Amino acid sequence: MPAITNHLPTAELQALDAAHHMHPFTANTELAETGTKVITRADGVYLHDSDGNKILDGMAGLWCVNIGYGRNELADAAARQMRELPYYNTFFKTTHVPAIALAKKIAELAPGDLNHVFFAGSGSEANDTNIRMVRHYWALKGKPNKSIIISRKNAYHGSSVGSGSLGGMAPMHAQGGLPIPDILHINQPNWWAEGGGMDRDAFGLARAQELEEAILEHGEDRIAAFIAEPIQGAGGVIVPPDTYWPEIQRICDKYEILLIADEVICGFGRTGNWFGTQTVGIKPHIMTIAKGLSSGYQPIGGSVVCDEVAEVIGSDEFNHGYTYSGHPVASAVALENLRILEEEDVVGHVQNVAGPALAETWHGLSDHPLVGETTLVGMMASLALTPHKESRAKFAMDAGTAGFMCRERSFANNLIMRHVYDRMVVSPPLVMTPEDITELGKRARTALDECYAQLKEHDMLKPAD
Ligand code: PXG
């Protein structure tokens, strides 16, 4: 008899969940009162819940189910690997075929000389690896003081103590003693919210130059690395102005700063190339990967490291690793996922079919009275809700109130669309067809209409001063 069944009534499942399950990023007492949606199964681009609803997943789970749900090939790969070798470590002069094969495949797909993979169980773990790796790299090169890592406000790099420190989420820093020492945060290139009267390109340049200012303030001999997502995901799909990344690259090159591209969301086709670094045209020394690496079917992440950094790190014992680094089942599933992405040309589908279809649908929402800018790269998109488009005004009420209302209307219309404060975000499975995307657009518009009506009815459309 399997230990998990889906046959309890929804209310009973909700009560058990409330009694025993602590949810991430959630006020659990409040959640216990309102109840959760119980997801029971999924197929293709649709989720099913315990009340019989069929829900279009506009978020690919949590930015990760790139190939969609229900691919038996991955289930078979997991079952095969569990029978052959369910677990072994890679610590003490041992290795195994799935980790070898996956590392080779990632090296083949990754641009430039990013030829080496240090495996982790998640994006957070991989970014913790990166903190230790870049600091140890400089120590081995005789520069132990080169330990400061520069990141950005409103970046997301994970939730462990290290990766949460790298991230620039103020509400996370407010709990549990973050950030750890020697992490700095410069401003993000979010023109819509913070650009004021500057034009986009000048703003992008100015924000990039904050990196140079920080380096000059602290001294080049103190700065180890700069970390950033090619396109911020959890921060609200913030697409930087075109001037931003070339300037960042120039500054990293000029001052000998390692560049870490956090590809946890952007990687594996999301932006229309294999990696977001290719889309924005940068050359990192290290890439963080997770999520789309296995399309979320298994927890796995890693750091993809260039030849020179790997060589320096390899010259000493690196006192770091996780029980599940290169887990054989997770590796086998990730390999099968990469085979599907490659053989079915999912990246080409994003570039030529799904991406353009989403662009048309998404930018088409910009005529809505509640919608300010719409932004999109590949299959990640966002729109800003605003009470007044022309002035790019924020709402007078608390940030996130309108976004939350819109998300609730979206859920009510069986579309998973997220909000980040007052930005609405989608990041659908990459395999969506144009028909799926048309349906997504219809449901998103209905959610916007209903949200707008509610805001109007309650006199909540006032702009902030
Ligand atoms: N880097 C980036 C860019 C991420 O988006 C992580 C690292 C951490 O990965 P793990 O596997 O440790 O979660 C992420 C994760 C959200 C949300 O609300 C986004 C993430 C995780 C949880 C919630 O958008 N991204």
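Please read these numbers as outputs of a predicted model, since none were measured by experiment. (Residues numbered from 1 in each chain as written. Predicted model: local features only at pLDDT ≥ 70, side-chain atom pairs only at ≥ 80, totals over all residues. Heavy atoms only, no water.)

**Considerations on the packing of aromatic side chains**
- For the structure on display, the rule yields eight aromatic pairs.
- Ring centres 5.8 Å apart and planes at 75° place the aromatic pair phenylalanine 118 and phenylalanine 318 in the edge-to-face group. Of this pair, phenylalanine 118 sits in strand 4 (residues 114-120) while phenylalanine 318 sits in the loop between helix 13 (307-314) and helix 14 (328-343), placing them 200 residues apart in sequence.
- Under the relative-accessibility criterion, phenylalanine 318 is labelled buried at 15%.
- Counting every residue linked through ring pairs, the aromatic cluster contains Tyr87, Tyr88 and Tyr324.
- The ring of tyrosine 46 has lysine 54 lying over it, and the distance from NZ or CZ to the ring centre is 4.5 Å. (Phe/Tyr/Trp six-rings, centres within 6.5 Å; stacked < 30°, edge-to-face > 60°. Helix = DSSP H or I, 4+ residues; strand = E, 2+ residues; numbered from the N terminus. Buried < 20%, exposed > 50% of the residue type's maximum accessible area, 1.4 Å probe, protein only. Lys NZ or Arg CZ within 6 Å of the ring centre and 35° of its normal.)

**Notes on helix 11 (residues 244-254)**
- Those residues of helix 11 not exposed but buried are Tyr244, Trp245, Glu247, Ile248, Gln249, Ile251 and Cys252.
- Buried positions along helix 11 lie against strand 5 (148-152), helix 10 (200-218), strand 7 (223-228), strand 8 (258-262) and helix 12 (276-280).
- Directly after helix 11, the chain includes glutamate 256, whose backbone phi takes a positive value near 55°. (Contact = heavy atoms within 4.5 Å.)

**Let's talk about the domain arrangement of the protein**
- Under the domain assignment, the protein is made up of domain 1 (37-67 + 345-457) and domain 2 (73-343).
- Taken together, the contacts link 34 residues of domain 1 with 39 residues of domain 2.
- Regarding the contact of domain 1 and domain 2, the summed buried area is about 2900 Å², with carbon and sulfur atoms giving 61% of it.
- For the domain 1 face of the interface with domain 2, the top three residues by lost area are Ile67, Met380 and Arg392, together amounting to 26%.
- Along the contact surface separating domain 1 from domain 2 lie one salt bridge.
- With its nearest N and O atoms 3.9 Å apart, the salt bridge here joins glutamate 373 to arginine 200.
- For the side of domain 1 that touches domain 2, the secondary structure elements donating two or more residues are helix 3 (60-63), helix 15 (346-363), strand 11 (371-377), strand 12 (380-385) and strand 15 (423-426).
- With five residues, strand 11 is the largest single contributor of residues to the side of domain 1 that touches domain 2. (Domains from an automatic or database assignment. Buried area = accessible area lost by both parts, 1.4 Å probe. Salt bridge = Lys/Arg side-chain N within 4 Å of Asp/Glu carboxyl O.)

**Observations regarding the site of the ligand**
- Near the ligand, the surroundings consist of 16 residues, among which Trp63, Gly123, Ser124, Asp262 and Arg418 are the closest.
- In the model, an oxygen atom of the ligand is placed 2.8 Å from a nitrogen or oxygen of the tryptophan 63 side chain.
- Side-chain polar atom of arginine 418 to an oxygen atom of the ligand: 2.2 Å apart, as the coordinates give it.
- Counting only elements with at least two residues in the shell around the ligand, the list comes to helix 3 and helix 6 (123-140).
- With three residues, the single largest contributor to the shell around the ligand is helix 6.
- Grouping the amino acids of the shell around the ligand by side-chain chemistry returns six nonpolar, six polar and four charged.
- Built from parts of two domains, the shell around the ligand gets at least three residues from each of domain 1 (37-67 + 345-457) and domain 2 (73-343). (Near = heavy atom within 4 Å. Polar contact = N/O pair within 3.5 Å; in protein donor to acceptor, adjacent residues only side chain to side chain. Nonpolar A, V, L, I, M, F, W, Y, C, P; charged D, E, K, R; others polar.)

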